[in-house]
2 protein chains.
Amino acid sequence: MNDSIRLFELAGADDEIRFSPYCWRTRLALAHKGLNFKTIAWRFTEKEAIAASGQDKVPVLVIGERWLHDSWDIAVHLEDHFPQGPSLFGCSQGRATARFVSQWTNDVLQPAIARIIAPDMPAILHEKDRAYFRTTREIRFGCSLETLASERQKALTALHQILTPMRAVLGKQSFLAGDAPAYVDHCVFGAFQWANIINSLPLIEPDDPMFAWSERMLDAYGGIARSAKRCHA
Amino acid sequence: MNDSIRLFELAGADDEIRFSPYCWRTRLALAHKGLNFKTIAWRFTEKEAIAASGQDKVPVLVIGERWLHDSWDIAVHLEDHFPQGPSLFGCSQGRATARFVSQWTNDVLQPAIARIIAPDMPAILHEKDRAYFRTTREIRFGCSLETLASERQKALTALHQILTPMRAVLGKQSFLAGDAPAYVDHCVFGAFQWANIINSLPLIEPDDPMFAWSERMLDAYGGIARSAKRCHA
């Protein structure tokens, strides 16, 4: 099938544990567009498997013979090449503004969540990925994973502070994109789904307006996020 | 004229110094819609002049007999009641996502800029507003304006950090709303125009992608922002 769609997703030691926040953006965008796709478990150190994409990170999406990478570029490609499905952005202004939400999630939200859940990562990774993960993350955070673990409460407080504007907005509308979820929700929820899959500490409490939104995102698209396999606590 | 539009704007001791970032959002939104309006200089302590709005903050927009307040609610009103002008949001997804940008500007960007420029404010305010400004801001920041002034370099570094995702986006597209400015640009630029009018230290350097965007915003809508009166340095 020349128009088959395959998504390379980061996996844990268990093939079915798919935790990458960037891969979740793409998976949800594909579901939003109503496209059928097959996922392929991939590990950090399997660089050669996705070499045809011209770089070494996932998500990598293969549509027929075409290799795509970078979650934002993939979303734009899906929007432009599959106009028959529901829109990911709504309009050009929606698309331009979604780019800020995507970038804010990359630069602000995900690093804040990473400080909380990174210490739980080695235990779920494939043995061959553990050294890669520890080395790259300890350089990124400037401290050991054990130090990060000891600072979790502080990191959780910082995350709650970062979420202030998002909490206010989700107290007033059902989704970031309005009445129904769209790509901005995929970006932000991808970060929370990462923590859900890892089964790390709860990032938001039930009395937070973001909790109800997260529940709606877990149920969206036939419950694709809720039915995903999670690590044991 | 029953459909006349009047905008109450915060002013300095000099009637023509209009510095409020929230009022700039409304002024730019009115210009975007191509509406004619008259502005009225207002000071923090002139609560009775806008009492008909049911609260005590500007912007207050009076359209005929109708009193509106809150910059977000005003933008939504303009979009819904003046559909003939260019759209402020583009579509419902654009509107919903713009609410996050507006809220992020309120909660994150403006407080960061305030820490840098608040010490310059008393000198430009009307004498009757100075005590109000100092008291409310020193409570908000938890320190004296003089302490804030001594921490400016640190606050400038913090601001540059906060701008990371916005800088990345504006390195790739002309405006936050895409090819042309819209309400998301009005929100974010309003905060920078506050510093422009106060003539405080430069917040962004010429080699920053945000600088070129700021220049485009100064020129937008017939140069309404560039031609505004500024304080002497």
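Everything numeric here is computed off the predicted structure, so don't read it as measured data. (Residues numbered from 1 in each chain as written. Chains lettered and ligands numbered in written order. Predicted model: local features only at pLDDT ≥ 70, side-chain atom pairs only at ≥ 80, totals over all residues. Heavy atoms only, no water.)

Peer 1: Explain the interface of chain B and chain A to me, please; I cannot follow it from the model alone.
Peer 2: By a widely used convention, the size of an interface equals the accessible area lost when the partners come together. Contacts between chain B and chain A engage 30 residues on the former and 30 residues on the latter. Applying the counting criterion to the chain B and chain A interface returns 0 salt bridges. If you look at where chain B meets chain A, you find 6 residue pairs in polar contact (both at pLDDT 80 or more). Among the elements of the structure, α3 (92-117) and α8 (164-170) of chain B are those that each provide at least two residues to the side of chain B that touches chain A. Among the elements that make up the side of chain B that touches chain A, the one with the highest residue count is α3(B) (13 residues). (Contact = heavy atoms within 4.5 Å. Salt bridge = Lys/Arg side-chain N within 4 Å of Asp/Glu carboxyl O. Polar contact = N/O pair within 3.5 Å; in protein donor to acceptor, adjacent residues only side chain to side chain. Helix = DSSP H or I, 4+ residues; strand = E, 2+ residues; numbered from the N terminus.)

Peer 1: Can you help me understand the domain arrangement of chain A in this one?
Peer 2: All names here are of chain A. Along its sequence, chain A is carved into domain 1 (5-81) and domain 2 (92-223). Between domain 1 and domain 2, the C-alpha centre-to-centre distance is 19 Å. Overall, the association of domain 1 and domain 2 removes approximately 2500 Å² of surface from exposure, summing both partners, and the carbon and sulfur fraction of that is 65%. Area buried by domain 1 at its contact with domain 2 is led by Arg25, Phe44 and Trp72, which between them contribute 31% of it. Seen at the junction of domain 1 and domain 2, the total is 2 salt bridges. For Asp80, the salt bridge is made with Arg95, and the minimal N-O distance between the two is 2.6 Å. Inspection of the domain 1/domain 2 interface yields 11 residue pairs in polar contact (both at pLDDT 80 or more). (Domains from an automatic or database assignment. Buried area = accessible area lost by both parts, 1.4 Å probe.)

Peer 1: Help me understand the side chain of A:Arg137 in this model?
Peer 2: Residue and element names in this part refer to chain A. Mapped onto the fold, Arg137 is located in helix α4 (residues 127-141). Buried and unpaired, Arg137 has Asp129 as its nearest opposite-charge partner, separated by 9.4 Å. Beyond its immediate stretch of four places on either side in the chain, Arg137 contacts Phe44, Tyr132 and Leu145. (Buried < 20%, exposed > 50% of the residue type's maximum accessible area, 1.4 Å probe, protein only. Lys, Arg positive; Asp, Glu negative; His and termini not counted.)

Peer 1: Looking at this structure, how should I read the pairing of strand β4 (residues 66-69) of chain A?
Peer 2: As a general feature of sheets, a regular strand has side chains that alternate between the two faces. The pairing of strand β3 (residues 60-63) of chain A with β4(A) spans 4 bridges and is antiparallel. Paired with A:Val60 across the strands is A:His69, a residue of β4(A). (Pairing = 2+ DSSP bridges.)

Peer 1: Please clarify how the relation of the copies chain B and chain A should be interpreted in this entry.
Peer 2: Superposition of the two copies of the chain requires a rotation about an axis and a shift along the axis. The transformation that overlays chain B on chain A combines an axial shift of 0.0 Å with a rotation of 180°, and the residual RMSD is 0.0 Å. Those values place the two copies in the arrangement expected of a two-fold rotation axis. Within chain B, B:Gly94 has its C-alpha nearest the rotation axis, a separation of 2.0 Å. When the interface residues of chain B are mapped onto chain A, 100% of them are again interface residues, pointing to one common binding face. (Least-squares fit on C-alpha atoms with pLDDT ≥ 70 in both.)

Peer 1: Which parts of the structure should I look at to understand the sheet that holds strand β3 (residues 60-63) of chain B?
Peer 2: Each strand in a sheet pairs with another by means of backbone hydrogen bonds, the pair being arranged parallel or else antiparallel. Residues and elements named next belong to chain B. Spatially, β2-β1-β3-β4 is the arrangement adopted by the 4 strands of the open sheet, whose pairing is mixed. Looking at strand neighbours, the two that pair on one side only are β2 (38-42) and β4 (66-69), the edges of this open sheet. Taken pair by pair, the neighbouring strands of this sheet meet at an average axis angle of 20°, ignoring direction. The sheet strands contacting helix α1 (residues 21-32) are β1 (5-10), β2 and β3, and the helix crosses β1 at an angle near 150°. (Axes fitted to C-alpha atoms, helices over the stretch in contact; angles between N-to-C directions.)

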